[in-house]
Amino acid sequence: MTTSEFEQLLSSSNGRIWALARKYGTNGDAEDLYQEILEQLWRSYKSFRGESKPETWIYRVGVNTAMTRLRKSVKQREAVALVSEQVGGAALSGERCQADILQDFIRVLNDVDASILMMYLDGLTGQEMASVLGIKVNSIQVRINRMKSFFSERYVEGE
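Description of the structure in this document. Model, not experiment: these values are computed from the prediction.

1. Some details on the overall build of the chain
Then step 1. A tally of regular secondary structure across the chain gives nine helices and zero strands.
Then step 2. For the chain, the N- to C-terminal ordering of α and β elements is α-α-α-α-α-α-α-α-α.
Then step 3. Within the chain, the fraction of its 159 residues that count as buried is 35%.
Then step 4. In the structure as shown, the chain presents an accessible area of about 10000 Å², 48% of it carried by carbon and sulfur atoms.

2. Points about the pattern of salt bridges
Then step 1. The full count for this structure, using the stated rule, is six salt bridges.
Then step 2. A salt bridge links Glu-51 to Arg-49; its shortest N-O distance comes to 3.1 Å.
Then step 3. Looking at Glu-51, the relative accessible area reads 66%, which means it is exposed.
Then step 4. Asp-104 is the partner of Arg-154 in a salt bridge, and the nearest nitrogen-oxygen pair spans 3.3 Å. Taken together, the positions of Arg-154 in helix α9 (residues 137–156) and Asp-104 in helix α6 (residues 98–108) put the pair 50 residues apart, joining distant regions of the chain.
Then step 5. A relative accessible area of 28% means that Arg-154 is categorised as partly exposed.

3. With respect to helix α3 (residues 30–44)
Then step 1. Here α3 contains 15 residues, and its C-alpha end-to-end distance of 21 Å stays within 8% of the 21 Å for a straight helix at 1.5 Å per residue.
Then step 2. Every buried residue of α3 is accounted for by Ala-30, Leu-33, Tyr-34, Ile-37, Leu-38, Leu-41 and Ser-44. Considered in projection along α3, the buried side chains sweep an arc of 140° and stay on one side of the axis. Residues of α3 that are exposed and point over 90 degrees away from its buried face: Glu-31 and Arg-43.

4. Observations concerning the nonpolar core
Then step 1. If you look at the biggest cluster of nonpolar residues, it comprises 37 residues, and the most contacted ones within it are Ile-17, Leu-20, Leu-41, Trp-57, Tyr-59, Met-129 and Met-147.
Then step 2. Elements represented by at least two residues in this core include exactly α1 (3–12), α2 (14–24), α3, α4 (54–72), α6, α7 (111–121), α8 (126–133) and α9.
Then step 3. The element that contributes the greatest number of residues to this core is α4, accounting for six residues.
Then step 4. The contacts of Leu-41, once residues within four sequence positions are left out, are Phe-6, Leu-10, Ile-17, Trp-57, Ile-58 and Val-61.

5. A short note on the packing of α2 against α3
Then step 1. Look at α2 against α3: their axes get within 8 Å of each other, and the N-to-C directions meet at 130°. Looking at the two axes, α2 sits oblique to α3. Pair α2 / α3 crosses with right-handed handedness. Contact residues: α2 offers Asn-14, Ile-17, Trp-18, Leu-20, Ala-21, Arg-22 and Tyr-24, while α3 offers Ala-30, Glu-31, Leu-33, Tyr-34, Ile-37, Leu-38 and Leu-41.
Then step 2. Class assignment for the residues of the contact of α2 with α3 results in eleven nonpolar, one polar and two charged.

6. Digging into the packing of aromatic side chains
Then step 1. Applying the stated criterion across every chain yields a total of seven aromatic pairs.
Then step 2. Each member of the aromatic cluster is reached from another via a ring pair, and the members are Phe-6, Trp-42 and Tyr-45.

7. Quick look at the environment of Ser-12
Then step 1. Looking at the secondary structure, you find Ser-12 in helix α1.
Then step 2. We classify Ser-12 as exposed; its relative accessible area is 56%.
Then step 3. Between the C-alpha atoms of Ser-12 and Glu-55, which are 43 residues apart in sequence, the distance is 9.7 Å.
Then step 4. In terms of polar contacts, Ser-12 uses its side chain to reach the backbone carbonyl oxygen of Leu-9, at 3.1 Å.

Cut-offs and rules
Residues numbered from 1 in each chain as written. Predicted model: local features only at pLDDT ≥ 70, side-chain atom pairs only at ≥ 80, totals over all residues. Heavy atoms only, no water. Helix = DSSP H or I, 4+ residues; strand = E, 2+ residues; numbered from the N terminus. Buried < 20%, exposed > 50% of the residue type's maximum accessible area, 1.4 Å probe, protein only. Areas by Shrake-Rupley, 256 points an atom, 1.4 Å probe, with all protein chains shown as cover. Salt bridge = Lys/Arg side-chain N within 4 Å of Asp/Glu carboxyl O. Expected span 1.5 Å × (residues − 1). Arc of directions from axis to C-beta. Core = buried A, V, L, I, M, F, W, Y, C linked by side-chain atoms within 4.5 Å. Contact = heavy atoms within 4.5 Å. Axes fitted to C-alpha atoms, helices over the stretch in contact; angles between N-to-C directions. Parallel < 35°, antiparallel > 145°, perpendicular 65-115°, else oblique. Left-handed = near helix turned anticlockwise from the far one by under 90°. Nonpolar A, V, L, I, M, F, W, Y, C, P; charged D, E, K, R; others polar. Phe/Tyr/Trp six-rings, centres within 6.5 Å; stacked < 30°, edge-to-face > 60°. Polar contact = N/O pair within 3.5 Å; in protein donor to acceptor, adjacent residues only side chain to side chain.

As structure tokens, then:
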């Protein structure tokens, strides 16, 4: 992959990278995580052999960067508890746009399910998702079905 191809890939994947950074960033440090993911992509792009789709590679690098950062964070558990409290207590009222509903839904999912949902919405196959996350394809499919049911219960059936 040439430098210009890398730049083009980053440009076309900017939304995905921001979504990962916002999902895994804690205490408002999504911008820092975004920069960290970009740095890791830059460091590893020369070793990208094209054995998977570039989007899959971006997710793998992004999720691994985020997970490494979370493991290093001493305050991880406190931040997750705080976010869970805030999201759990948030009332769903009035008209909301689809993006707000999706963002709310992603916030209440655990990290693995949120990653699966983002990849699913981006059109990655079960095999590609399994490759990024290191879990079985069947597990991916079960999780997607559970998320669909949970989404329906939370946002569709109650209205």
